[in-house]
Amino acid sequence: METRDTVFLVVMVLSSFLLSFQWLRRFTYRPTNPFIDPLIILSIMILAGTLSLMLISINNKLQDFEDTIEARDRSLRVNMESSETKIEERMNELSSKVDNAVYEFNRRKYH
C-alpha cells in the first residue's frame with residue numbers, strides 16, 4: 001500500500017468521525033444510552049475504513065491486470081518482430097533461388 005493510499009484512508013476515517021459527530025450533535029442529545037453515539041461513530045468509521053480499503057484493493061488488482069496486459073503486449077510484439085524477421089529471411093532466400101533459376105534458365109536458353 002502506497003503512502004498516498006494510507007493518507008487517503010486516514011482522511012476518510014477522520015472525516016467520517018467528524019461527519020457523524022456533527023450529524024449526531026444536530027439532533028437533540030438524550031443521554032439515555034451513552035453507548036449509542038460512540039457506537040454509531042465507530043461503525044461509521046469502520047464503514048469508511050473498509051470502503052477505502054476496498055477501493056485500494058480494487059486499484060491494486062487493476063494495476064496488476066494492467067501490468068499483465070502490458071507484459072502480454074510486449075511478448076506479442078517481440079513474437080511478431082521475430083516472425084517478421086523469419087518471413088523476411090525466407091522471402092530473401094526464395095527470391096535468390098528464383099533469381100538463380102531465372103539466370104540459369106536464361107543462360108541455357110541463350111547458350
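Criteria and thresholds
Along each chain, residues carry numbers from 1 onward, in the same order as the chain's sequence is written. In view of the model being predicted, local features appear only for residues whose pLDDT reaches at least 70, and side-chain atom pairs are presented and counted only at 80 or more, with totals across whole chains, interfaces and linings using the full set of residues. The side-chain figures draw on all heavy atoms in the structure; neither hydrogens nor water molecules are used. By the criteria applied, helices consist of DSSP H or I runs no shorter than four residues and strands consist of E runs no shorter than two, each listed in order from the N terminus. Here's how the labels work: a residue is buried when its accessible area is under 20% of the maximum for its type, exposed when over 50%, partly exposed in between, all with a 1.4 Å probe on protein chains only. For the area figures, the Shrake-Rupley method with a 1.4 Å probe applies, and any residue is considered shielded solely by the protein chains shown. We define a salt bridge as a contact between a side-chain nitrogen of Lys or Arg and a carboxyl oxygen of Asp or Glu at a distance within 4 Å.

A. Layout of the overall build of the chain. For the chain, the count of helices and strands is 2 helices and 0 strands. When burial is assessed residue by residue, the chain has 10% of its 111 residues classed as buried. In the form shown here, the chain has an accessible surface area of approximately 10000 Å², with 64% of it arising from carbon and sulfur atoms.

B. Layout of the pattern of salt bridges. Here the structure, examined in full by the defined rule, presents 4 salt bridges. Two residues, Asp-73 and Arg-77, come together in a salt bridge whose shortest N-O distance is 2.4 Å. Separated by 4 residues within a single helix, Asp-73 and Arg-77 lie in helix α2 (residues 36-110), roughly one turn from each other. For Asp-73, a relative accessible area of 39% puts it in the partly exposed group. Arg-108 is the salt-bridge partner of Glu-104, the closest N and O atoms lying 3.4 Å from each other. Of the two residues, Glu-104 and Arg-108 both sit in helix α2, 4 residues apart, roughly one turn of that helix. Residue Arg-108 is classed as exposed on the basis of its relative accessible area of 64%. Taken together, the salt bridges that share partners define one network made up of Glu-104, Arg-107 and Arg-108.

Function cannot be read off these values alone, since they describe shape.
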